[in-house]
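Spelled out, the chains give:
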Amino acid sequence: KGGNRIGTQTDYKIIGIEPGAGIMAQSNKAIKDYQLDQWQLQEGSSAAMAAELKKAYNQKKPIIVTGWSPHWMFSTYDLKFLEDPKKSFGAVEDIHTIVRKGLEQDAPGAYTILDQFSWEPADIEKVMVDIKDGTDPEKAAKKWTDANKDKVGQWTNGAKAGNGETINLVYVAWDTEIASTNVIAKVLEQNGFHVKLSQVEVGPMFAGVANKSADGMVSAWLPSTHAEYYKQYKNDFIDLGSNLHGTKNGLVVPKYMDINSIEDLK
Ligand SMILES: C[SH](C)CC(=O)O
């Protein structure tokens, strides 16, 4: 048996992202669940994965990436998720907002805005596409908040204006999180707070809010993607709940590839 046809075309490589990302653990689980013994998950970064996807797609070459929605890749390329009958990637999830203990006392207005932050996949995708097309994340955030004053008004409703207090937000350089963190930072700034953004890896993101070196983050993918980190720190921070419903993780391929399920990789 000459192995798997797609495997030989892709050198049995799945193009992943940062090693600590939950989607990488889910991908390794899929490799085990579907007994993809010849396959290997390539570690890298979200940016490197996007570059490899662009290159392969432009040459109509086979490629399999760890993909998630919402993401600009689905409006830029004709892609599909491989079916995941064994549910290695979990189900449709939420992104939660998490803040440090004590924030409500120290900066009640910022706490209220973070607590009321909530938007749709279509909203975040607009910001992500602008950033992908070269707009500075802060400018893309301002463009979106200017165009969505009603939704932003729901977030700031009843919030006590800041008086220049600094709010430290942490995030990981995933396209979704660059977009969401810059948008909520813009709204906090428009309401009297000074916001400092720190790009970190996923473990330090959770640890930073738990040890109070950061005030908050809007990037917790739950219940399964970040389950390990959440379990480790959940007693040390405040989970304000979902700010976006409808995320999905999986293995993503261009539609020109004639496979439809992870099972087809065996
Ligand atoms: C790649 S998703 C943005 C988050 C994660 O997988 O940890």
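Residues numbered from 1 in each chain as written. Predicted model: local features only at pLDDT ≥ 70, side-chain atom pairs only at ≥ 80, totals over all residues. Heavy atoms only, no water.

Trainee: It is not clear to me how the site of the ligand should be interpreted in this structure. Could you clarify?
Mentor: With respect to spatial proximity, the complete set of residues near the ligand consists of Ile17, Ala21, Gly22, Ile23, Trp68, Trp174, Thr176, Glu177, Trp221, Thr225 and His226. Between the ligand and glycine 22, the relevant distance is 2.7 Å, taken from an oxygen atom to a main-chain nitrogen or oxygen of the residue. A distance of 2.7 Å separates an oxygen atom of the ligand from a polar atom in the side chain of histidine 226. For the ligand, the accessible surface in isolation is 260 Å², of which the surrounding protein chains cover 100%. Because more than half of its atoms lie within 2 Å of the grid, the ligand is assigned to the largest cavity. Classifying every residue of the shell around the ligand by side-chain character gives 6 nonpolar, 4 polar and 1 charged. Both domains that furnish three or more residues to the shell around the ligand are identified here as domain 1 (2-91 + 249-265) and domain 2 (94-245). (Near = heavy atom within 4 Å. Polar contact = N/O pair within 3.5 Å; in protein donor to acceptor, adjacent residues only side chain to side chain. Areas by Shrake-Rupley, 256 points an atom, 1.4 Å probe, with all protein chains shown as cover. 1 Å grid on protein atoms, 1.4 Å probe; cavity = no way out; pocket = protein on both sides within 12 Å on 5 of 7 lines; lining within 4 Å. Sits in = over half its atoms within 2 Å of the grid points. Nonpolar A, V, L, I, M, F, W, Y, C, P; charged D, E, K, R; others polar. Domains from an automatic or database assignment.)

Trainee: Help me out: how do you make sense of the pairing of strand 5 (residues 93-100) in this one?
Mentor: Of all 8 residues in strand 5, 8 are buried, a share of seventy percent or more. Of the two faces of strand 5, both are covered, the one formed by Glu93, Ile95, Thr97 and Val99 as well as the one formed by Asp94, His96, Ile98 and Arg100. Across 7 bridges, strand 5 lies against strand 9 (residues 237-254) in antiparallel orientation. Along strand 9, the bridge assignment pairs aspartate 94 with histidine 245. (Buried < 20%, exposed > 50% of the residue type's maximum accessible area, 1.4 Å probe, protein only. Helix = DSSP H or I, 4+ residues; strand = E, 2+ residues; numbered from the N terminus. Pairing = 2+ DSSP bridges.)

Trainee: Explain empty space enclosed by the protein to me, please; I cannot follow it from the model alone.
Mentor: Empty pockets left among the atoms are what a rolling probe the size of a water molecule brings to light. Across all of its chains, the model carries 2 cavities of 30 Å³ or more by this definition. Approximately 100 Å³ is the volume attributed to the largest cavity. Ile17, Ala21, Gly22, Ile23, Trp68, Trp174, Thr176, Glu177, Trp221, Thr225, His226 and Asn249 are the residues that line the largest cavity. Where the lining of the largest cavity is concerned, the elements lending two or more residues are helix 2 (22-33) and helix 10 (175-190). (Points joined across faces, edges and corners; volume = space filled by probe spheres on them.)

Trainee: I would appreciate a short explanation of the pattern of salt bridges in the present structure.
Mentor: Where charged atoms from two side chains of opposite charge come close, those side chains can pair. Evaluated as defined, the whole model comprises 14 salt bridges. Across the pair lysine 255 and aspartate 78 runs a salt bridge, and its minimum N-O distance is 3.7 Å. Linking lysine 255 in the segment after strand 9 with aspartate 78 in the loop between helix 4 (73-76) and strand 4 (79-81), this pair joins segments that are 177 residues apart in sequence. Several salt bridges converge on common partners, so that one network encompasses Arg100, Asp106 and Asp215. (Salt bridge = Lys/Arg side-chain N within 4 Å of Asp/Glu carboxyl O.)

Trainee: Teacher, can you tell me more about the packing of helix 8 (residues 137-147) against helix 10 here?
Mentor: Each pair of packed helices gets described by two things: the angle between the helix axes and the distance between those axes. Following both chains from N to C, one finds helix 8 and helix 10 inclined at 65 degrees, their axes separated by 8 Å at the closest point. In the packing of helix 8 onto helix 10, the handedness of the crossing is right-handed. Only Ile178, Asn182, Val183, Lys186, Val187, Glu189 and Gln190 of helix 10 make contact with helix 8, whose side of the interface consists of Pro137, Glu138, Ala141, Lys142, Trp144, Thr145 and Asp146. (Axes fitted to C-alpha atoms, helices over the stretch in contact; angles between N-to-C directions. Left-handed = near helix turned anticlockwise from the far one by under 90°. Contact = heavy atoms within 4.5 Å.)

Trainee: Would you mind showing me how to read the environment of alanine 30 here?
Mentor: Following the sequence through the fold, alanine 30 ends up in helix 2. Separated by 14 residues in the primary sequence, alanine 30 and glycine 16 have C-alpha atoms spaced 13 Å apart. Those residues in contact with alanine 30, other than ones at most four positions away along the chain, are Gln35, Leu36, Ser88 and Phe89.

Trainee: Explain the side chain of lysine 186 to me, please; I cannot follow it from the model alone.
Mentor: Mapped onto the elements, lysine 186 comes out in helix 10. Excluding anything up to four places from it in sequence, lysine 186 contacts Glu138, Ala141, Lys142 and Thr145.

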